[in-house]
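# Analysis of the macromolecular model
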Amino acid sequence: MPSNTTRRTFASTALTLSASLAFVALGLPSAALAQNVSFAGKTVEFVIPFGVGGGSDVWARFNAPYLSKYLPGNPNVVVKNVPGGGSITGTNQFASNAKPDGLSVLGTSGSTQFPYLLGDPRVRYEYKDWQMVMAAPTGGVAYLSSKFGVKSAKDLGKLKGQKLVYGSQGATSLDLVPLLGFRLLGLEVQHVFGMKSRGEGRLAFERGEANIDYQTSSAYIKNALPLVKEGKAVPLFSWGVTDENGNIIRDPAFPDLPHIGEAIQLATGKAPSGGEWEAFKAFLIAGFPAQKLLVLPKGTSKEVVEAYREAVRKMIKDPAYQAGKEDALGGYEQVTDKAGDALFREATTIAPHARDWVRYHLSKNYNVAF
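Residues numbered from 1 in each chain as written. Predicted model: local features only at pLDDT ≥ 70, side-chain atom pairs only at ≥ 80, totals over all residues. Heavy atoms only, no water.

Counting its regular elements, the protein chain contains 13 helices and twelve strands. Relative to a compact globule of 370 residues, whose C-alpha radius of gyration would be 21 Å, the protein chain shows 20 Å and is just as compact. Oriented by its inertia axes, the alpha-carbon framework of the protein chain measures out at about 65 × 45 × 35 Å. Buried positions account for 54% of the 370 residues belonging to the protein chain. Considering only intrachain contacts with a sequence separation of at least 6, the fraction spanning at least 24 residues in the protein chain is 77%. Summed over all atoms, the accessible surface of the protein chain reaches about 15500 Å², with 51% contributed by carbon and sulfur. When the 40 basic and 32 acidic side-chain charges of the protein chain are each reduced to a single mean position, those positions are 3 Å apart. (Helix = DSSP H or I, 4+ residues; strand = E, 2+ residues; numbered from the N terminus. Rg over C-alpha atoms; globule rule 2.2 N^0.38 Å. Buried < 20%, exposed > 50% of the residue type's maximum accessible area, 1.4 Å probe, protein only. Contact = heavy atoms within 4.5 Å. Areas by Shrake-Rupley, 256 points an atom, 1.4 Å probe, with all protein chains shown as cover. Lys, Arg positive; Asp, Glu negative; His and termini not counted. Charge placed at Lys NZ, Arg CZ, Asp CG, Glu CD.)

What follows concerns the sheet that holds strand β12 (residues 292–296). Read from one edge to the other, the open sheet built from five strands follows the order β2-β1-β3-β12-β4, with strand pairing classed as mixed. Each end of this open sheet is capped by a strand with a single partner; those strands are β2 (76–81) and β4 (131–136). When strand polarity is set aside, the average angle formed by the axes of neighbouring strands in this sheet is 25°. Of the strand pairs in this sheet, β4 and β12 are connected by five bridges, and their pairing is antiparallel. (Pairing = 2+ DSSP bridges. Axes fitted to C-alpha atoms, helices over the stretch in contact; angles between N-to-C directions.)

Here we come to the sheet that holds strand β8 (residues 212–216). What the three strands build is an open sheet, ordered β8-β5-β9; its pairing is antiparallel. Whereas interior strands pair on both sides, the edge strands pair on one side only; in this sheet they are β8 and β9 (233–238). Averaged over all neighbouring strand pairs, the angle between strand axes comes to 30°, with direction disregarded. As paired elements, strand β5 (residues 140–145) and β8 share five bridges and run antiparallel to each other. If you follow tyrosine 143 over to β8, its bridge partner there is aspartate 213. Seen against the sheet, helix α6 (residues 198–206) touches β5, β8 and β9 and runs at an angle of roughly 145° to β8.

Turning our attention to the confidence of the model for the protein chain. Here the protein chain averages 89 in pLDDT, while 91% of its residues score no lower than 70. Contacts from residues 1–29, a stretch scored under 50 in pLDDT, to residues over four places away or in other chains number 52 contacts. (pLDDT = per-residue confidence, 0-100.)

Right, let's get into the packing of aromatic side chains. For the structure shown, the criterion picks out 24 aromatic pairs. Taking the centre distance of 5.1 Å and the plane angle of 85° together, the rings of phenylalanine 114 and phenylalanine 283 count as edge-to-face. Of this pair, phenylalanine 114 sits in helix α4 (residues 110–118) while phenylalanine 283 is found in helix α9 (residues 275–287), placing the two residues 169 residues apart along the sequence. The exposure classification of phenylalanine 114 matches that of phenylalanine 283, with both residues buried. For the ring pair tyrosine 166 and phenylalanine 182, a centre distance of 5.6 Å and an interplane angle of 75° mean the geometry is edge-to-face. Of the two residues, tyrosine 166 sits in strand β6 (residues 164–168) while phenylalanine 182 sits in helix α5 (residues 176–184), which places them 16 residues apart along the sequence. Among the aromatic residues, ring-to-ring pairing joins Phe94, Tyr116, Tyr125, Tyr127, Trp130 and Phe344 into one connected group. (Phe/Tyr/Trp six-rings, centres within 6.5 Å; stacked < 30°, edge-to-face > 60°.)

Scanning all chains against the criterion turns up 18 salt bridges. A salt bridge links lysine 232 to glutamate 230, with the shortest nitrogen-to-oxygen separation between them at 3.2 Å. Among the residues examined, lysine 232 registers a relative accessible area of 48% and is labelled partly exposed. A salt bridge links aspartate 341 to arginine 309, with the shortest nitrogen-to-oxygen separation between them at 2.8 Å. (Salt bridge = Lys/Arg side-chain N within 4 Å of Asp/Glu carboxyl O.)

Moving on: the side chain of histidine 191. Note on placement: histidine 191 falls in strand β7 (residues 189–193). We classify histidine 191 as buried; its relative accessible area is 10%. When sequence neighbours within four positions are dropped, the list of residues in contact with histidine 191 reads Tyr166, Ser168, Pro178, Leu179, Phe182 and Tyr366.

What follows deals with the environment of phenylalanine 94. Note on placement: phenylalanine 94 falls in helix α3 (residues 88–97). Looking at phenylalanine 94, the relative accessible area reads 5%, which means it is buried. For the pair phenylalanine 94 and leucine 106, spaced twelve residues apart in sequence, the C-alpha separation works out to 7.3 Å. Apart from the residues lying within four places of it in its own chain, the contact partners of phenylalanine 94 are Val47, Ser104, Val105, Leu106, Trp130, Val295, Leu296 and Pro297.

The residue threonine 242 is located in strand β10 (residues 241–242) in this model. The exposure class assigned to threonine 242 is buried, which follows from its relative accessible area of 11%. Apart from residues lying up to four places away in sequence, threonine 242 is in contact with Asn247, Ile248, Ile249, Ile285, Pro289 and Leu343.

Dropping the structure here:
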């Protein structure tokens, strides 16, 4: 199994290559488009609809100084936390109040995308109104207690009839992805709600209260991989990443693990397809390959959008940014332009029939009221 550094190098290399190929295929936008844009002497408000100290806040505070460095005129970029409603409150405020002058930018997360995809009536924002600046992928690995005698995803058939327990943050949280994914795998899983974080889910696993779990890539490497090495846990699959066409492929950080689509085929003998798979895939992409999105408000000019994208292109090449992103971003490269547009589109689009199926499933089986 590759070392931590090797995994991160794989992830950065593959995602950087993906973005580079996208740039070549598209042709870089003309830098002249943004020549008349300057934010000199101005302050850019980087709105994060979550509290201080969470993953989105860490992501924003890592990126903010580099945006300041590379946006024309070197404006002061200040992170503004507007928590509430699982990120809906701050995002609604941004949609209503942000002016299209480049001085307000929003960072969203899967927790913001999910209510939008589910048609939550509290949502008063429309992703299609916004301009994508940058998409930020992440990954994750699902693992199982070793007591079941399963050695890898090839042995998933041994779990037929077994009672599995998963510590969940809630049916409409990011844990909707494992909720739907385990069902596609044919696993009988009891989802115990009320976990305040994935860290709490892992602790429940360690105490034996849960016997199946997943952690995001950085948390898996730091906190769950030691359990694997101690023989207490068995890695099953990664959630995967997407290629330029939106297909799920293996996560380069974990090249020896099948992605969730491969795991489903191993467990069921059939490649995943159909409406349930498409519904799951919409939330999978919104939760992982395009978990965080940086957007500008409706009506922002092409010149301002290009100024921001050019700043992203420059900052992700900055040696200091590359050196720091391992800890701050888990080793995954940020993307913009064509690659970012593809992730943005995939993460904010769901077929009406797929949405209806998920809502029905959650209402019937988990008492979720919409």
